[in-house]
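Reading the structure
Residue strings, one per chain:
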Amino acid sequence: MIYDTANTHTFVQALRFIADNPGLLATKALEQMELSGAAIGLALLVALPLGIVLGHLHRGSGVAIGASLFGRSLPSIFLIAVFLTVLGLGFENNMVALAVLALGPILTNAYLGVEGVDEDAVEAARGMGLSRSGILTRIELPLALPLIYIGIRVAAVTVVATAPIAAYAGGGGLGDIIANQASYRLSGVLGASICVMALSAGVWALLLALQRATTPKGVRVARVQNPAGELGKEGL
Amino acid sequence: MTAAGGPVIPNFGSGSSCVTGDHLFCWDWVKQHWGDTLGPALAQHVELTAIAVSVGFVLAFSLALLAHRRRRAEQPISIVAALVYTFPSIALFQLLVPFTGLTYTTVEIALVSYTLVILFPNIVAGLEAAPPEVIEAARGMGLTPRQTLFRVEVPLALPAIVGGLRIAVVSTIAIATIAATILPKGLGFPIFYAIALPTPFKTEIYSAGILAIALALVCDRALVLLGRAVTPWTRVGG
C-alpha cells in the first residue's frame, strides 16, 4: 500500500472529498446497507426463534450463552475469507459471513431475556388459565423485549460496522473506497471512513431511539447500556 | 504489500501438489511457513493484544475509580464509551493515520480505545455491586473511604473486572486482525494477503484464522482460571 504524505491537512481534503462526491458515497452507503440488512435479516430468521424457544424451554444454556463468546472470538476478516472460499466472490458470501457475526448477540440475548422471566409471573399466568403459547406471547416475550432489542441492536451495529471489510471479498459498499487508495487517494479513504463511522453511529442511535419508543414503560432497562457491556453479564 | 521483514515471495505456486492445487488444507504448507509467516504473525498478534489490553486496563481502571467517586461523571463517560464501540475498526485505523502514520502507535491507539470502552462499564458496574450494608460495615469497622475502596469494593468487583477482561481480550484478538489494513503485522496479515491473491489461498486463510480463534479461546480459558484464583471466596461450599 502506498500512502500519500499524511498530515492533519488531509482531513480538510477528506471533507472536500465528501462534499464533492455525494452521489458516489450515497450509492456506496446504500450498497452497504443492503448487504447489512440482508445479513441481519438472515441472522434474525435463524437466531431469534432459536433463542426464544431455548429460553422458553429453559434448555441449551451452554449453546445460547457460548454462542456470543465464540462469536466474539471469530475475526470478521476470517469469516469473510472463509465464505469467499466456500461461496465465491459476490453478495451471498458476505451476507452469510456477516450473518454469522450477528447470530451470537441475537441468540444469547433472546435466550437470556425469555429464560430470565420471573417464574412467579409464569406461574400466575398458568394459574389464570393461559395456554403455553399464551404464556410465551403474552408474558415471556413482552418481558424479554428489552433484552431482545439490545441483542438486535448490538448485532445490527456489529454488522454495519463490519460490512466495509466485506469490500475485500467483493462486498461493495463504502469499504470499496477504503480498500482502494490507489484510485481514491488518502482523502477518499478518510472521507469514506468518516461516512462509515457516521453510518454505524447513526444506526446505533436510531435503534436506541426505536427501542425506547417501542418498549413499554414497565419493562424498561433503567440505565443506558454499553453494547460492549451488555453481554458481560455472563460473569465467570 | 510486503511480508513482515521478509522478501515478497508468492506463498504458493511452488510446493506440493496440495499447495499448487489449493486443496482444502495443506499441512505441509503450514509446516513450511510456520517459521516465516504463521509463527511471527502469532507472536505479533500476542504483542498487539497484550499492549492494548494492559494499557486499556490501566486507563479503564483509573477512569472507573474516578467515575465511582463522582457518580455524575459515569453517565457521560458511558455514552461516549458506547459510541466509540460503534466505530468500525477499519475506519478508526484509517482516521488515525494522518496523525500517527502507518505505525504500531496508530494500531494501539485504536485497540486501546476498544478495550477501554469494554472494560470501563464492567469495572464501574462491579464497583457499584458492593451491597450498601457491606460498605456500612466497613465504615463501622473504622476503614477510611480509601481503605473501603481497595479492601472491600475492588475485591468484590473482581468477578466483573475479570468478566470485562475476558470480553476485552477476546474482542481485541479478533479486532487486531483488521490492523493488517494499515500495518503488515499480526494474524490478519496472512488472511488479507491470501484473499488478495488471484485465487484465495485456503490453507493460509484457514491456518491464520484458526490460530486467532484458538488464541482467543486459550486466553479466555486462562482468564477464567485467573478469575477463580483471585476470588477464592466465591467457591466456598461449592
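**Let's talk about the overall build of chain A**
When helices and strands are tallied, chain A shows 9 helices and 0 strands. Secondary structure elements in chain A, listed N-terminal to C-terminal, are α-α-α-α-α-α-α-α-α. For chain A, with 236 residues in total, the buried portion stands at 50%. Counting only contacts in chain A whose residues sit at least 6 apart along the sequence, the fraction spanning at least 24 positions is 78%.

**What about the interface of chain B and chain A?**
Facing the 52 residues of chain B at the interface are 44 residues of chain A. Broken down by secondary-structure element, the contributors of at least two residues to the side of chain B that touches chain A are helix H3 (74-86), helix H4 (89-100), helix H5 (104-128), helix H7 (145-175), helix H8 (188-196) and helix H9 (202-230) of chain B. Here the residues of the side of chain B that touches chain A sort into 37 nonpolar, 13 polar and 2 charged.

**Observations regarding the environment of Gly164(B)**
All names here are of chain B. Secondary-structure assignment places Gly164 in helix H7. Overall, the presence of 28 C-beta atoms within 10 Å leaves Gly164 in the buried class. Through-space distance from the C-alpha of Gly164 to that of Pro198 is 41 Å; in sequence the pair is 34 residues apart.

**A look at unusual backbone geometry**
All names here are of chain A. Even without glycine at this site, His58 takes up a positive phi of about 55 degrees. Along the polypeptide, His58 turns up in the loop between helix H2 (22-57) and helix H3 (61-73). Phi is positive for Arg185, close to 60 degrees, though the residue is something other than glycine. Residue Arg185 is classed as partly exposed on the basis of its 18 C-beta neighbours within 10 Å.

**Here's the deal with H2(A)**
Under the 1.5 Å per step criterion, the end-to-end length of H2(A) is 50 Å for 36 residues, consistent within 8% with the ideal 52 Å. Phi turns positive one or two residues past the end of H2(A), at His58(A), with a value near 55 degrees.

**Re the confidence of the model for chain B**
When the pLDDT values of chain B are averaged, the result is 88; 93% of them are 70 or greater. Taken over the whole predicted complex, pTM reads 0.87, whereas the ipTM for its chain interfaces reads 0.86.

**A closer look at the packing of helix H7 (residues 132-162) of chain A against helix H9 (residues 181-214) of chain A**
All names here are of chain A. The N-to-C vectors of H7 and H9 enclose an angle of 165 degrees; their axes lie 9 Å apart at closest approach. In terms of orientation, H7 lies roughly antiparallel with respect to H9. Read as a crossing pair, H7 and H9 show a hand that is right-handed. Along its contact with H7, which presents Tyr149, Arg153, Ala156, Val157, Val160 and Ala161, the element H9 presents Leu199, Ser200, Val203, Trp204, Leu207, Leu208 and Gln211. Split by residue class, the contact of H7 with H9 holds 10 nonpolar, 2 polar and 1 charged.

**Some remarks on the nonpolar core**
Formed by 140 residues in total, the largest nonpolar core has its most connected members in Ile80(A), Ala81(A), Leu98(A), Ala102(A), Val159(A) and Ile123(B). Examining the composition of this core, we find that 16 residues originate from one element, H7(A), more than from any other. Once residues lying within four places of it in the same chain are set aside, the contact partners of Leu98(A) are Leu35(A), Ser36(A), Ala39(A), Val159(A), Thr162(A), Ala163(A) and Ala166(A).

**A closer look at the confidence of the model for chain A**
With 89% of its residues at a pLDDT of 70 or more, chain A shows a mean pLDDT of 86. Low pLDDT (under 50) marks residues 222-236 of chain A, which in the prediction has 43 contacts with non-local residues, meaning those over four places away or in another chain.

**Digging into the environment of His58(A)**
A tally of 11 C-beta atoms within 10 Å means that His58(A) is categorised as exposed. Expressed as a C-alpha distance, the spacing of His58(A) and Tyr111(A), which sit 53 residues apart in the sequence, is 8.5 Å.

Rules used throughout
Residues numbered from 1 in each chain as written. Chains lettered and ligands numbered in written order. Predicted model: local features only at pLDDT ≥ 70, side-chain atom pairs only at ≥ 80, totals over all residues. Helix = DSSP H or I, 4+ residues; strand = E, 2+ residues; numbered from the N terminus. Buried ≥ 20, exposed ≤ 12 C-beta atoms within 10 Å, placed from the backbone. Contact = placed C-beta atoms within 7 Å. Nonpolar A, V, L, I, M, F, W, Y, C, P; charged D, E, K, R; others polar. Expected span 1.5 Å × (residues − 1). pLDDT = per-residue confidence, 0-100. Axes fitted to C-alpha atoms, helices over the stretch in contact; angles between N-to-C directions. Parallel < 35°, antiparallel > 145°, perpendicular 65-115°, else oblique. Left-handed = near helix turned anticlockwise from the far one by under 90°. Core = buried A, V, L, I, M, F, W, Y, C linked by C-beta atoms within 7 Å.

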